[in-house]
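Secondary and tertiary structure notes
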Amino acid sequence: MKQLVLTIIGKDRPGLVEEISSAVLAHHGNWLTSNLSHLAGQFAGIIQVEVAEEHLQQLQDGLAVLPGLDVKMETGDLLDEEQTPETINLVITGNDRPGIVQELASVIRHKGANITHLNSRQQSAPNWGVPIFSAFATVTLPIGMNKDNVIDALESITSDLIVDIETE
């Protein structure tokens, strides 16, 4: 089986996820994991699919003819279960400002960690007088790293940044 990562973008419309999932199923693919969003009237999706090698071209052709969508397909890597590094889920909140995502990403990279998932938003906070930045991030730590090293480094960016670990 081939592991594929699809990136799909186009004008959002009712039934779009059904169209995409029907195309995957009709061409012998198995939808594994996805992250789908509606942003400024556009649909943006990342989907992990597996398909038998003999059906790969059929799946590519079937997705390519979906109307109004830009579909890109990359081969994914299979993970070695014994070398799975620790991941932490962070909830980050602070005053919004230009460059905050870049600062967070830079600190995480300099600690040798990797952002594997990030959802962020700006929201109004009338009682605070400034917009609030909030993010949920999944971060993969290098083998042997203590999660407190990353949290302390993030909180040192500015005094108004709060970083909490979300436990499952």
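Structural notes, computed from the coordinates. The model shown is predicted, which means the values in this text are computed figures rather than measured ones. (Residues numbered from 1 in each chain as written. Predicted model: local features only at pLDDT ≥ 70, side-chain atom pairs only at ≥ 80, totals over all residues. Heavy atoms only, no water.)

1. Section: the environment of Ser156
Rules: Think of it this way: any DSSP run of H or I at least four residues long counts as a helix, any run of E at least two long counts as a strand, and we number them from the N terminus. We define a polar contact as two N or O atoms separated by no more than 3.5 Å, with the added condition that, inside protein, one atom must be a possible hydrogen donor and the other a possible acceptor, whereas residues neighbouring each other in sequence contribute only through side-chain atom pairs.
Structurally, the position occupied by Ser156 is in the loop between α4 (147-155) and β8 (162-166). Separated by 2.7 Å, the side chain of Ser156 and the backbone oxygen of Ala153 make a polar contact.

2. Some remarks on the pattern of salt bridges
For the record, the criterion: Any carboxyl oxygen of Asp or Glu within 4 Å of a side-chain nitrogen of Lys or Arg constitutes a salt bridge here.
What the rule picks out here adds up to 3 salt bridges. Where Asp70 meets Lys72, a salt bridge forms, and the shortest distance between an N and an O atom there is 3.4 Å.

3. Describing the environment of Leu56
Put simply, the rule is: The contact criterion used is simple: two residues touch if any of their non-hydrogen atoms lie within 4.5 Å.
Among the secondary structure elements, Leu56 is positioned in helix α2 (residues 56-64). In sequence terms Leu56 and Lys2 are 54 residues apart; their C-alpha atoms lie 7.9 Å from each other. Setting aside anything within four residues of it in sequence, one finds Leu56 in contact with Lys2, Leu4, Val51 and Met73.

4. With respect to the nonpolar core
As a reminder, the rule being used: Throughout, nonpolar core names a set of buried Ala, Val, Leu, Ile, Met, Phe, Trp, Tyr and Cys residues whose side chains join them through atoms within 4.5 Å. Under the scheme applied here, a residue whose accessible area is under 20% of the maximum for its type counts as buried, over 50% as exposed, and between as partly exposed, the area being computed with a 1.4 Å probe on protein chains only.
Leu90, Ile92, Val139 and Leu154 are the most contacted members of the largest nonpolar core, which has 20 residues in total. When residues of this core are traced back to their parent elements, those giving at least two are β5 (87-95), α3 (100-110), β7 (132-140) and α4. In this structure Leu154 touches Leu90, Leu104, Val107, Ile108, Leu161 and Val163, once residues within four positions along its chain are discounted. Core analysis: the second largest hydrophobic core is formed by 17 residues, Val24, Phe43, Leu59 and Leu69 among them.

5. So, unusual backbone geometry
Not every positive phi belongs to a glycine, and His28 is a case in point at roughly 70 degrees. Note on placement: His28 falls in the loop between α1 (16-26) and β2 (29-39). Overall, the relative accessible area of 45% leaves His28 in the partly exposed class. With phi around 50 degrees, Ala40 is a residue other than glycine that occupies positive phi space. For Ala40, the position within the fold is in the loop between β2 and β3 (42-51).

6. As for α3
Heads up, the rule is: Of all possible arcs, the one meant is that of the directions from the helix axis to the C-beta atoms.
All buried positions along α3 are accounted for by Ile100, Leu104, Val107 and Ile108. The buried residues of α3 occupy an angular sector of 100 degrees when projected down its axis, which confines them to one face. Among the exposed residues of α3, those pointing more than 90 degrees away from its buried face are Gln102, Arg109 and His110. Packed against the buried residues of α3 are β5, β6 (114-123), β7 and α4.

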